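# Residue-level structure breakdown
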Amino acid sequence: MTSEFVSVVDIVGSIRAGKTTASDVLEQHLARIDKRETEIHAFNHVMAESARANAASIDADLKSGKERGPLAGVPIALKDNMCTRGVPTTCSSKILEGWKPPYDATVVTRLQQAGAVVVGKTNLDEFAMGSSTENSAFGPTRNPLDTSRVPGGSSGGSAAAVAAGFAAASLGSDTGGSIRQPAALCGVVGVKPTYGMVSRQGLVAFASSLDQIGPFTHTVADAALLMEVIGGHDPLDSTSLDQPVPSLTAVLGRGVKGMRIGRLADMPDGCEPEVLARLDAAFAALKAAGATIVDIALPSLSYCLTAYYLVAPAEASSNLARYDGVRYGLRVESADLISMYGATRAAGFGAEVKRRIMLGTYALSAGYYDAYYGKALKVRRLIANDFAAAYQSCDVILTPTSPTVAFPIGEKTSDPLTMYLCDIFTIPSNLAGHAAMSVPFGTGAHSMPVGVQILAPALGEPTMFRVAAELERAS
Ligand code: GLN
């Protein structure tokens, strides 16, 4: 448990046992929102009214003996890039102003079927592009542990909502680190599942070959439970894996005896010494629990950031072409159709989104396609090969999640390149499509939380969660 707040597992247990009700649990969370939301700004939209109605209906059903699912009565927040029927979905962008999706994302449907109570839509970097939530068109989210600092990003609102006790758990999306990095900076657990394990249907696309949805929670057991609810095949997502989620809650107690844990022989520059000290402590804890530590190399690691900033913007430039003032949200009227497109996009997108669209359009343009986009795809293959070689000698790899703890608001906004460096450890698993998660493991500079990242091969979630559970016990 990372804080004074009650875990998902305990909430479910207490409601089942009749010790509390879904309505009481919800009111406790809404009271915390009332108290601190103005200061933190985790939400774009709080859904108090519908949440109260849902909680009341769950209580009524449970009272009459009706089964309401494994998350009955658990308050959950959703990143505001997941479609919610009839409820604004903004991606923290002005361009989607006034748009209400006509359907729910698959993950939203699955949460509701499991009895979860959605409390609101959380703030993010516009279209999930950023590492601090400062690129939101609606203003930044603040880190609940120190409000002069960022919560990380792009799912900063979802991480902050859990860290502040506004929701017992939340969902984020991770294209290059947007679940794991804010989880690390806010001191909570964050999971980026294997590509294809969680449906992307109804997730507003940033870079479709990298995007995955995953949970933020206080505990590893809560994350395992959320994964079992939201994961599994969805015929509405063509990249969905045609298989069920492996059982995760059942393996948490199995320990790490005999497991081989990979350690990067060459650590990239730029990590805070306190972050590296916590990583060393994590290796020591796993060793004490019976694992062996093996040195591994990922020679292509240093090219991953560059490759990501070609692949992700290239896909984004294509995905974001649909926001032209015709079908969704904002329209700036103009003399003719072409100038209406231009005026709408100029007014609707923020600076970082425009930068990515330009980078991506350039990387895909005739004459440059092979040199930039084509080469980036080759790096993608190389890092996959590096991982395959590394996993010959180890079961998982441990790295820092972020090279630094949460930084002050405004510190990196004038220099996009230093902001991009936040993702050096998280990007490789998106490029490879592998599983990864961040677990809080003590504090570093300024007493801010440090997250340790566990990397596992595709479908390596059971092993990854066993290691996470061991780290949680040790911390
Ligand atoms: N920070 C990275 C970016 O700006 C990753 C974002 C994400 O995972 N959505 O692209």
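Now for a look at the structure at hand.

## What to know about the pairing of strand β3 (residues 117-122)
For β3, a buried count of 6 out of 6 residues is recorded, marking the element as mostly surrounded by other parts of the structure. As judged from the 3 bridges shared by strand β1 (residues 43-46) and β3, these two strands associate in the antiparallel manner. Across the sheet, the residue bridging to Phe43 is Thr122, located in β3. Handedness of the crossover is the feature at issue here: the chain leaves strand β2 (residues 75-79), passes through helix α4 (residues 106-113), returns alongside β3, and the resulting connection is right-handed.

## Here's the deal with a nonpolar patch on the surface
A surface patch of nonpolar side chains, amounting to about 290 Å² of accessible area, comprises Val326, Leu337 and Ile338. Structurally, Ile338 can be placed in helix α10 (residues 337-348).

## Some thoughts on the environment of His41
Within the secondary structure layout, His41 lies in the loop between α2 (22-40) and β1. Taking the relative accessible area as the measure of exposure, His41 reaches 18% and is therefore buried. Taking the C-alpha atoms as reference, His41 lies 12 Å from Gly120; in sequence the two are 79 residues apart. With near-sequence residues (within four places) excluded, His41 lies in contact with Asn123, Phe138, Gly139, Pro140 and Thr141.

## Thoughts on α2
When the terminal C-alpha atoms of α2 are compared, their 25 Å separation across 19 residues agrees well with the 27 Å that a helix rising 1.5 Å per residue should span. At Asp34, α2 is bent by approximately 45°, the largest bend along its length. Of the residues making up α2, those classed as buried are Ala22, Val25, Leu26, His29, Leu30, Ile33, Glu37 and Ile40. The secondary structure elements touched by the buried residues of α2 are α1 (8-16), β1, α3 (48-63), β2, β3 and α5 (156-163). The positive-phi residue at the C-terminal boundary of α2 is His41, with phi of around 55°.

Calculation notes
- Every chain is numbered on its own, with residues counted from 1 as its sequence reads.
- At least 70 in pLDDT is required for a residue's local features to be given in this predicted model, at least 80 for side-chain atom pairs to be given and counted, and no such filter applies to totals for whole chains, interfaces and linings, which use all residues.
- The side-chain figures draw on all heavy atoms in the structure; neither hydrogens nor water molecules are used.
- A 1.4 Å probe rolled over the protein chains alone gives each residue an accessible area, and that area as a share of the maximum for its type sets the label: buried under 20%, exposed over 50%, partly exposed in between.
- Only DSSP runs of H or I reaching four residues or more are called helices, and only runs of E reaching two or more are called strands; each is numbered from the N terminus.
- By definition, two strands form a pair when at least two bridges between them are found by DSSP.
- A crossover counts as right-handed when, viewed with the strands pointing away from the observer, the path leading from the first strand over the helix to the second turns clockwise.
- Candidates for patches are residues over 30% relative accessible area with no salt bridge; among them, like charges are joined within 9 Å and nonpolar side chains (Val, Leu, Ile, Met, Phe, Trp, Tyr) within 5 Å.
- Areas reported here follow the Shrake-Rupley algorithm with a probe of radius 1.4 Å; residue values treat only the protein chains shown as occluding.
- By salt bridge we mean one thing: a side-chain nitrogen of Lys or Arg within 4 Å of a carboxyl oxygen of Asp or Glu.
- When checking whether two residues touch, look at their non-hydrogen atoms; a contact exists if any pair is within 4.5 Å.
- Working rule for helices: expected span equals 1.5 Å times residues minus one.
- Fitting axes to the seven residues that end at a residue and to the seven that start at it, the angle between those axes gives the bend at that residue.

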